[in-house]
Each structure stands twice: as structure tokens, then as C-alpha cells.
Amino acid sequence: MNKPDVKIEGFEGPLDLLLHLIEKNKYNIFDIPIVEITEQYLGYLEHMTEVEADFLSDFLVMASTLIAIKTRMLLPKEEKEEEEEDDPRAELVKSLIEYKMYKYAALELKDMELDAGHVMYKKATIPKEVRQYREEVDPAELIRESDVTMAKLHNLFQTLLRREADRVDPVRSRFGTITRDEIRLEDRMAEIQAEIRGLKSIRFRTLLTRKRGKMNLIVSFLAILELMKTGVISIRQEERFGEIMIDSLEG
Amino acid sequence: MEQEESRMNLMAALEAMIFSVGDAVEEDELIRALDPERAEDKEYQKEVREAVNALIASYEDENRGIRLIRLDSRLQLCTKNEYYDPLIRLVNMPKKHSLTDVVLETLSIIAYKQPVTRAEIEKIRGVSSDHAVNKLLEYNLIREVGRLDAPGHPILFGTTDEFLRSFGISSMDELPDISPDQLADFQKQAEEEAGIEVPV
Amino acid sequence: MEQEESRMNLMAALEAMIFSVGDAVEEDELIRALDPERAEDKEYQKEVREAVNALIASYEDENRGIRLIRLDSRLQLCTKNEYYDPLIRLVNMPKKHSLTDVVLETLSIIAYKQPVTRAEIEKIRGVSSDHAVNKLLEYNLIREVGRLDAPGHPILFGTTDEFLRSFGISSMDELPDISPDQLADFQKQAEEEAGIEVPV
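Predicted, not measured: the structure shown is a model, and the values here were computed from it.

**With respect to the overall build of chain A**
Right, so step 1: Helix and strand counts for chain A stand at 10 helices and three strands.
Right, so step 2: Ordering the α and β elements of chain A from the N terminus gives α-α-α-α-α-α-α-α-β-α-α-β-β.
Right, so step 3: Looking at chain A as a whole, 37% of its 251 residues are labelled buried.
Right, so step 4: Long-range pairs, those at least 24 residues apart, make up 60% of the contacts in chain A between residues at least 6 apart in sequence.
Right, so step 5: By element, 52% of the accessible surface of chain A is carried by carbon and sulfur atoms, the whole surface being about 16,200 Å².

**Here's the deal with the interface of chain A and chain B**
Right, so step 1: At the junction of the two partners, chain A supplies 46 residues and chain B supplies 61 residues.
Right, so step 2: Note on chain A versus chain B: buried area summed over both sides is about 4,900 Å², and carbon and sulfur give 63% of it.
Right, so step 3: Summed over the three residues of chain A that lose the most area to chain B, namely Tyr102, Met120 and Tyr121 of chain A, the buried surface amounts to 16% of that side.
Right, so step 4: The interface formed by chain A and chain B includes three salt bridges.
Right, so step 5: We note a salt bridge from Lys110 of chain A to Asp101 of chain B, for which the minimum N-O separation is 3.0 Å.
Right, so step 6: Taken together, the connections running from chain A to chain B amount to six residue pairs in polar contact (both at pLDDT 80 or more).
Right, so step 7: Those elements that provide at least two residues to the side of chain A that touches chain B are α1 (14-24), α3 (53-74), α4 (90-116) and α7 (150-167) of chain A.
Right, so step 8: With 17 residues, α4 of chain A is the largest single contributor of residues to the side of chain A that touches chain B.
Right, so step 9: Of the residues that constitute the side of chain A that touches chain B, the class distribution is 24 nonpolar, six polar and 16 charged.

**Details of the environment of Leu55 of chain C**
Residues and elements named next belong to chain C.
Right, so step 1: Structurally, Leu55 can be placed in helix α3 (residues 42-59).
Right, so step 2: Classification of Leu55 by relative accessible area gives buried; the value is 4%.
Right, so step 3: In this structure, the C-alpha to C-alpha distance between Leu55 and Leu10, residues 45 residues apart in sequence, is 9.4 Å.
Right, so step 4: Setting aside anything within four residues of it in sequence, one finds Leu55 in contact with Met11, Leu14, Glu15, Ile18 and Leu68.

**Some remarks on the nonpolar core**
Right, so step 1: In this structure, Leu14 of chain B together with Leu14 of chain C are the most contacted members of the largest nonpolar core, which totals 64 residues.
Right, so step 2: Looking at which element gives the most residues to this core, the answer is helix α1 (residues 2-21) of chain B, with 10 residues.
Right, so step 3: For Leu14 of chain B, the residues in contact, after removing those within four places along its chain, are Leu30, Leu34, Val48, Ala51, Val52 and Leu55 of chain B.
Right, so step 4: Within the second largest apolar cluster, 39 residues are counted, among which are Ile109, Ile110, Val133 and Leu136 of chain B.

Parameters and conventions
Residues numbered from 1 in each chain as written. Chains lettered and ligands numbered in written order. Predicted model: local features only at pLDDT ≥ 70, side-chain atom pairs only at ≥ 80, totals over all residues. Heavy atoms only, no water. Helix = DSSP H or I, 4+ residues; strand = E, 2+ residues; numbered from the N terminus. Buried < 20%, exposed > 50% of the residue type's maximum accessible area, 1.4 Å probe, protein only. Contact = heavy atoms within 4.5 Å. Areas by Shrake-Rupley, 256 points an atom, 1.4 Å probe, with all protein chains shown as cover. Buried area = accessible area lost by both parts, 1.4 Å probe. Salt bridge = Lys/Arg side-chain N within 4 Å of Asp/Glu carboxyl O. Polar contact = N/O pair within 3.5 Å; in protein donor to acceptor, adjacent residues only side chain to side chain. Nonpolar A, V, L, I, M, F, W, Y, C, P; charged D, E, K, R; others polar. Core = buried A, V, L, I, M, F, W, Y, C linked by side-chain atoms within 4.5 Å.

Take a look at the structure:
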């Protein structure tokens, strides 16, 4: 459980990284452009190389929070007259400000420690004549006064074992090491572009036959959406549940 | 006159005790050691407390190289920091642990929010903080102060006397203010530095 | 006037140095620490020696509980012996030694899992417990019983005879058992609470 402090490119955690992005871009912390910041945040994660799984997972939790907020903000707002809808970012802003507050306090403490570090104390110098009177702590008396019995000690030990068992989070412990996806979005986008090059159009189904697996399906789908957005392709579907055709817009 | 004399004697006895013990010592213990029979006497307690204050004041004289400080209800002698230079030439300073930013951040959360569980610290920092907590325990800057009466009975942490000493404060009240107002100021400063205006 | 002031500063610096060393310290060492560049300067040496004498004299005031004494060419601060009585009472004061929860938890682990390393204790408690281990060593309730044949050769702790005596038992065999069945129960309980099955 004792792992060294890890930092990702100098960031102590997801909040630290977010604060950095906000400050770098001079965003208003109370009105964070969530789309931009999510993109930048994910951009940082992309460049993380060998990071401990536990630490990375903290960053991933934040990534999913950001995406969730982004989604909520993109959804059409329900028409509610009586009350203004809560800003989906409110919780995040609160965390950011609280974190910032302690980060600031830590800086103050650092200065204080520097000043206080110039003060020295002295060890006990009890004169011999006085020390002779010194009595050792009598463990028996200590135990009697603290009202401890073997039975109590026994119960305590049992409680501790139970707590230890509780603490090993049964949900998380079932996850293995988090590994990088084998199929990367960029790679898949490049592959699709290569496949479609020189052709007028291609069936979506054809793209999937080359590679199998649920992950492939998802990444391929995302890749197509991304290529559409960047204007490399367009897609059409003649009828419901019909074949999805991918048309090349290049050349 | 007699009273004056007795205060002087008290001051001398207090000085002798605080000096010998070296470590921080409880004011109440000093009272009991001075005169066990009168330890419960309010009048006597007041007399001793006045002598303690007089002793503290006498050390503040600029010609003194040491001072008497309070750490909560405890008293301890220490050197004045302006004499640090000749001191380090003479004494091998015990190696000061240098606190990393991560550790300091964790410590500031514990200092301001104590008693606090590890889960609360992690929630604020957004990352697991086991290593930092253990380092702080090792440096004796924090300690376990009990367990929270909640599922799992998590350990509660708080700061120690060593924390007060290391940061040169005599009680938690002396910690710099970090209220939201303070943060607003802080924000303003940052904005000015950045040269932009942010509507709040 | 200027000389007067510098003597005062010298006195303060000397006091700080002699205080923090605790033991007797050579006058020559003090001179070197004060100003390494002028340490060989006869004039400066004289100045420091005069400051030392003035400091000794200032401590002779009857209101002081400590005094500065010379031992050959060395200097040391010590308590005046007329204040031994309160000092003895203070040192002997039945310290409020009490077994805190942290200490008791640690003791229970050592009692039932001995011989056990610090790391194992930490694993069970979920937090480093060095402070409690040190307290138990001080109270003579536990002792080092050997070293584990593993990397780093960590110390193994076990209970002492004092421990047995204090609890009025004659051997560790009398400790209440914690059977493997019980351990399995704990595990099961934890799983049920979490609502899922944990592959063991």
C-alpha cells in the first residue's frame, strides 16, 4: 500500500492538472468551457506513458466526470420555468476551489516551515541527582489502569481482522491491471482512410470483416464519426436498417 | 514585597524545570510539581500563570538568545531564529526532512480539516494519499486521533506538537486564514498577475 | 555604545549556542562558530570572552533557575540545585501514560500474530504504526524477538514476560484462539456486506 508519490508530467492529480489547464488558458473557474478543457485534459492523458494503474485510474475517473458534464451540457435543456437548472459544472468547480485552497495553504506552510526551521531545541538534561528518582513505567499498572483484559485484547484483534477484510475493496480488487487499448482510435482512423483511398465508397460492414471483436466495432464506429467530422468521408443510409455506405470525400 | 519575591522564586523554579525537561511540558504539571498541596488552589494557579507570563516576557529581551514559547497548553524553550547561522556552524543540525509538495498538500488538508479520514483527504486531492499520510506519521507531524464512528471505522488524523514546532505556531488558531474570502483575494492576485479580468 | 550593543548580541548568540548544545562546549569552539574569519583575532577573542563573563554574571541573578558554569575551558548551562525539589516532583510525576486505542490495537496484533513485523502490523491496521510500536517497546510490553529471513531482514516483534505477568497469564497458550474458521467467517461477512463474491 505504500507506493511512492507519482506524478504525471509534474501533476499531482487530476485536479492539479485541471487547475493548470484553467490557469494556462486563463479560463474563468466559474465558467469553464467544458468542451475545450475536456479535449485538453484527454490530450494530456493520451501522452501519459508508463504510469501506475492506480494513479492512472484517478485521472480516468476525472476524464469520465468531464465527459459526463460535457454530455449534460450538450443535451437540450428542459424548459423549466420555475427554477433555473443546476449548472452541471457546479460540483467540479467546488472541488477545484477547495483543492486550490489547500494548495495555497500548503504554500503558506512551506514558507512558515522555512522560518521555523531556524529554531533549535535542547534535549532533556535532567541532573544526575534528579534522574535517580526516575521510575520506569510499570506495564502491569499501566494495563490495570487502562482497564484492559485479555478478552478485550482478543475482541480488538478480531475487530481489526474484520476491518482489514472489509478494507480490501472487493469490487476494485477484481480488476486486473489497466492496460492501454490494443486498438487505438488514431490507428483505426488511418486504416479506414487507407482502405477507402482510391475507392468512391465502401460498405461499413466491409470495414468490420477485417477485424473482429466488440472493441473493434466500437473503435471503428468512433473512427468513422471522427472522419466524418473532419470532412474526410460522408455516410449515407438509403433505408432503415439498410447498408451504411461510406463515401470518400478525398480526391 | 513578599509577593514580588515569591513571583521571582516561582519564575526561577519554572525556568529550572522547563530547562531540564527540554521537551514541551504542560503548565498544569508545572503547577503540581511546584506545590502539590496548592495545585488545586485557584489563587495559586493564577500566581503561577502570571509567573509564566513574566518569564516569557523576560525572555523576549533582545539580549537573550533563547525564548520561551507556548505550544497549546505546553511550554518549551528554544533558540531565537536570528542566531541560526552561528548555531549551524556549531551544532550538527538534525537532518531536516524536506516535505514534498504532495506531502505538504496532504498536511495542509489535515491541519485545516482535522480530525479527518484518509478518504476525505483523497476526495479533496483527487488521488490516493497513503504514501503522504505515512510520511507525515513517520515525521511525527500528524497522529491518529481516533476512529470515525461510521462503517469501516476509518482512522481519523490530526496534527501534533511537532507540527506546531515545525511551523513556528503556538496553536492552530495561528494558521493562516484560508476562508473562501481569502481565496477570492488570492484569485484576484492571480488575475492581476495574469493581467486579465475574470467576472465572478 | 556600539561596542555595548555588539556585546549584547554576542551574549545572545552565545546563550543560543550553549543552550542548544546542551552539553559542555569549548569556549574556542564558540568563538569559531560565531565568526570563523575572526576566530584567530586576539581582539575578537577577548571580546567574546568578556561577553561570556557578562553572560555568566547575568545568570547569577537570584531570579534565575539556571546558571552558566565553567568546567575548565568549557561552558555549560545547568539548573541551580535549589530547584531540585520541584524538578524531582515533575520528573516523577505519575505520567499520564495510558494505552491509547492505537497502542492497544497494535498490542493485540502483536499478541496474536507474533512474531510479527512492522509491515504486517501496518497491513492489518491500514496505517503505519511505528509510533505505537515504539511506545510498546518503551512500556516493555513487547520486544524484538528476531529478524525475518526476507529482504531487508525486518525486525520481528513478540510480547514480553512483562506482558504475560501484566495480564496474569502464564504462557501464550492461554491466549484465546482465533481459529481459521473464524477467519473464514470474517471473509464471508465482508463479502456479503459488499454484495459480491471474492475469488480467494
